[in-house]
Amino acid sequence: MRLSGWAREQGVTYQTAWRRVRDGRMPVPVRQVPSGTWTVDKAPAAAGRVVAYCRVSSGDQESDLDRQAVRVVEGANAQGLAVAEIVTEIDSGLDGKRRKLHRLLADPTGAVIVVERKDRLARFGVEHLQAALAATGRRLVVLDPKESANDLVEDMGDVLRSLCVRLYGQRAGRNRAARALAAATGEEASV
């Protein structure tokens, strides 16, 4: 199907569709034929909507959030999944009160949730979320399933920092967590 026909079918202008192609944010695979015409490849429809979930921890990483969204949409398209919605959130992976994630998990029409890495969804307990989604006929697609030992050390450091900051305040908590983590790993503390 031509890009103009796809745009009309989706209820957006051709210019909006073209901007999405240019920025790499098309929810479906698109390619340019030798004549120069852009065509949209219809992806096989999943049994429900496909939603891309992207998260960063702080506001100064907002530009990373846009790039992450592009990577997730491209990865989903490569697996034949047409992304219907992109949910972006700026919040800690340890925070249990992320409104956008709660809305996404409570929405039964979101049949497939696509994330770049497990820790973008949650720092801990992703396997439990996968099991809960599977019990309702939904699934979680992790594009980069690799997890290194370094990630586990960073996760432990994040938890330790979070607890120390609550007890001792921002600076003192960060320093105490750095010393404890250094003692656990056998490295020198960088305070």
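Residues numbered from 1 in each chain as written. Predicted model: local features only at pLDDT ≥ 70, side-chain atom pairs only at ≥ 80, totals over all residues. Heavy atoms only, no water.

> Give a detailed account of the overall build of the protein, specifying residues and quantitative values.
A count of helices and strands for the protein gives eight helices and six strands. Ordered by position from N to C terminus, the α and β elements of the protein give α-α-β-β-β-α-β-α-β-α-α-β-α-α. Taken along its principal axes, the extent of the C-alpha atoms in the protein is 65 × 35 × 25 Å. When each of the 191 residues of the protein is scored for burial, the buried share is 33%. Within the protein, contacts between residues separated by at least 24 positions form 60% of all contacts whose residues are at least 6 apart in sequence. Here the protein has roughly 11400 Å² of accessible surface; of this, 51% comes from carbon and sulfur atoms. Distance between charge centroids for the protein: 5 Å, based on 30 positive and 24 negative side chains. (Helix = DSSP H or I, 4+ residues; strand = E, 2+ residues; numbered from the N terminus. Buried < 20%, exposed > 50% of the residue type's maximum accessible area, 1.4 Å probe, protein only. Contact = heavy atoms within 4.5 Å. Areas by Shrake-Rupley, 256 points an atom, 1.4 Å probe, with all protein chains shown as cover. Lys, Arg positive; Asp, Glu negative; His and termini not counted. Charge placed at Lys NZ, Arg CZ, Asp CG, Glu CD.)

> Describe helix α3 (residues 62-78), with residues and values.
An α-helical turn contains 3.6 residues, so any two residues separated by three or four positions project in the same direction. Its 17 residues give α3 an end-to-end C-alpha distance of 25 Å, which sits within 8% of 24 Å, the value for a rise of 1.5 Å per residue. Among all positions of α3, only Leu65, Gln68, Ala69, Val70, Val72, Val73, Gly75, Ala76 and Asn77 are buried. In this structure, the buried side of α3 is in contact with α2 (14-23), β3 (49-56), β4 (83-90), β5 (110-115) and α5 (118-121). Glycine 80, located one to two residues past α3, shows a positive phi value of around 80°. (Expected span 1.5 Å × (residues − 1).)

> A description of the pattern of salt bridges should follow, citing residues and the corresponding values.
The full count for this structure, using the stated rule, is seven salt bridges. A salt bridge links arginine 49 to glutamate 85; its shortest N-O distance comes to 2.7 Å. Of this pair, arginine 49 sits in strand β3 while glutamate 85 sits in strand β4, placing them 36 residues apart in sequence. The salt bridge involving glutamate 85 is made with arginine 103; its shortest N-O contact spans 3.3 Å. Linking glutamate 85 in strand β4 with arginine 103 in helix α4 (residues 99-106), this pair joins segments that are 18 residues apart in sequence. Residue class for glutamate 85 comes out partly exposed when judged on its relative accessible area of 22%. Given a relative accessible area of 43%, arginine 103 falls into the partly exposed group. (Salt bridge = Lys/Arg side-chain N within 4 Å of Asp/Glu carboxyl O.)

> Break down the sheet that holds β5 for me, citing the residues and quoting the values.
The strand order β4-β3-β5-β6 describes an open sheet built from four strands, whose pairing is parallel. Every other strand in the sheet has two partners, leaving β4 and β6 (139-142) as the edge strands with one partner each. Direction aside, the axes of adjacent strands within the sheet are offset by 25° on average. Lying over the sheet, α4 contacts β3, β4 and β5, oriented at roughly 150° with respect to β4. Along the sheet, helix α6 (residues 126-135) contacts β5 and β6; its crossing angle with β6, the most-contacted strand, is approximately 140°. (Pairing = 2+ DSSP bridges. Axes fitted to C-alpha atoms, helices over the stretch in contact; angles between N-to-C directions.)

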